[in-house]
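Residue-level listing of the chains:
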Amino acid sequence: MKLRLALLAVALGALLLIVSCAAKKVDQLDPSQGTQSSLADTAPAAAEDVQVYKQTEAESLPLIRKQQPVYVQGLLQTKLQTKLDKDSVKLLFSLDNLSDRELKLTFGSGMRYDFAVYDSRDEEIYRWSNDKSFTQALIEMKLKPSDSIEFEEEWDWTDNQGDAVPNGIYTLRLSILAAVELPDGQTLDPAQLTAEADLILRR
């Protein structure tokens, strides 16, 4: 009888030891501790974090729109007339002040204008400035209301290689290379500094 009681006591002690070890293992699986806690720290940003970024991006869009230039029209006009003969084309062109105020013009160099000629396929065959050099000094001038600057040039019906062009229809495009001083946020519409004409060569 005493032997049976002793064996029962040993079995109960072993069972208590097993239950105690199992309880410790369960405690180690607590989500607030150990490996699972470190995984939570490295989880992707929550959905509300992404929404905050999108809101910030949207708020910046009005600022971008405010930086867009305001193109001003009706201040200047570039006029172009051409006189053709079989040997050359004479260009008479001007920049006119159409506004009711004095305008300050700035040219980045001695090259105050340029023009190019295009064939029927709209490919450039001649550019006036190709074989020329210009002073690099800034040139400033003031143009009063109703005043104009006049220029005169000539094209001898040759291409950029100096060869005579064949009979056909050509387009001459002219640009005045001036910057106009305007209030902050305003930019001159570049179309006011350009002109073009169609040329027909028949020898």
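Before reading further, recall that the structure is shown in the block above.
The notes below deal with the structure included here. All figures in this text were calculated on a predicted structure; none of them were measured in a lab. (Residues numbered from 1 in each chain as written. Predicted model: local features only at pLDDT ≥ 70, side-chain atom pairs only at ≥ 80, totals over all residues. Heavy atoms only, no water.)

Points about the nonpolar core
- L76, W155 and I176 are the most contacted members of the largest nonpolar core, which has 36 residues in total.
- When near neighbours in sequence (up to four residues on either side) are disregarded, L76 contacts L95, D96, N97, L98, L103, L105, L143, V180, L188, Q192 and L193. (Core = buried A, V, L, I, M, F, W, Y, C linked by side-chain atoms within 4.5 Å. Buried < 20%, exposed > 50% of the residue type's maximum accessible area, 1.4 Å probe, protein only. Contact = heavy atoms within 4.5 Å.)

Remarks on the sheet that holds strand β6 (residues 124–127)
- A sheet is described by the order of its strands in space; here four strands give the open sequence β6-β5-β9-β12, paired in antiparallel fashion. Either end of the sheet is taken by a strand with one partner, and the two such strands are β6 and β12 (194–201). Across this sheet, the average inter-strand angle for adjacent strands is 25°, counted without regard to direction.
- Summarising the sheet, strand β9 (residues 168–176) and β12 pair through eight bridges and their orientation is antiparallel. Opposite L172, over in β12, you have A197 as the bridge partner. (Pairing = 2+ DSSP bridges. Helix = DSSP H or I, 4+ residues; strand = E, 2+ residues; numbered from the N terminus. Axes fitted to C-alpha atoms, helices over the stretch in contact; angles between N-to-C directions.)

Regarding the pairing of strand β5 (residues 113–118)
- A large share of β5 lies buried, amounting to six of its six residues.
- Residues of β5 alternate between two faces, with Y113, F115 and V117 on one and D114, A116 and Y118 on the opposite face, all of them buried.
- As paired strands, β5 and β9 are joined by six bridges and run antiparallel to one another. Looking across to β9, one finds that F115 is bridged to L174.
- Sheet analysis places β5 next to β6, joined by three bridges and oriented antiparallel. For A116, the partnering residue across the bridge sits in β6 and is R127.
- Turn length for the β5-β6 hairpin, with the two strands adjacent in sequence and antiparallel, is five residues, and the turn residue D122 shows positive phi of about 65°.

Let's talk about the pattern of salt bridges
- Tallying each qualifying case throughout the model produces 11 salt bridges.
- One salt bridge connects E123 with R121, and the closest N-O pair in it is separated by 3.7 Å.
- Taking the relative accessible area as the measure of exposure, E123 reaches 42% and is therefore partly exposed.
- Several salt bridges converge on common partners, so that one network encompasses K104, E140 and E181. (Salt bridge = Lys/Arg side-chain N within 4 Å of Asp/Glu carboxyl O.)

Overview of the packing of aromatic side chains
- By the definition in use, this model includes 11 aromatic pairs.
- For the pair F115 and Y126, a centre-to-centre distance of 6.1 Å together with 45° between the ring planes defines the contact as tilted. Taken together, the residues span a long stretch of sequence, with F115 in strand β5 and Y126 in strand β6 at a distance of 11 residues.
- With relative accessibility at 0%, the residue F115 sits in the buried group.
- Seen in terms of ring centroids, W155 and Y170 are 6.2 Å apart; in terms of plane orientation they differ by 75°. Their pairing is edge-to-face. With a gap of 15 residues between them, W155 in strand β8 (residues 148–155) and Y170 in strand β9 connect regions that are remote in the sequence. For the pair formed by W155 and Y170, the shared burial category is buried.
- Three or more aromatic residues joined by ring pairs make a cluster, and in this case those are F93, Y113, F115, Y126, W128, F134, F151, W155, W157 and Y170.
- Looking at R173, its charged tip hangs above the ring of Y118, at a distance of 4.5 Å from the centre. (Phe/Tyr/Trp six-rings, centres within 6.5 Å; stacked < 30°, edge-to-face > 60°. Lys NZ or Arg CZ within 6 Å of the ring centre and 35° of its normal.)

Examining a negative patch on the surface
- Among the surface-exposed residues, D85, D87, E154 and D156 lie close enough to one another that they form a single negatively charged patch.
- Look at E154 and you get partly exposed, because its relative accessible area is 45%. (Patch = residues over 30% accessible without salt bridge, like charges linked within 9 Å, V, L, I, M, F, W, Y side chains within 5 Å. Areas by Shrake-Rupley, 256 points an atom, 1.4 Å probe, with all protein chains shown as cover. Lys, Arg positive; Asp, Glu negative; His and termini not counted. Charge placed at Lys NZ, Arg CZ, Asp CG, Glu CD.)

A word on the sheet that holds strand β10 (residues 178–180)
- As summarised here, the arrangement of the three strands in space is β7-β4-β10, forming an open sheet in which the pairing is antiparallel. Of all the strands in the sheet, just β7 (139–143) and β10 have a single pairing partner and so form its edges. Here the strands of the sheet are splayed against their neighbours by 30° on average, with no regard to which way each runs.
- Sheet topology note: the strand β4 (residues 103–107)/β7 ladder contains five bridges and is antiparallel. Paired with K104 across the strands is K142, a residue of β7.

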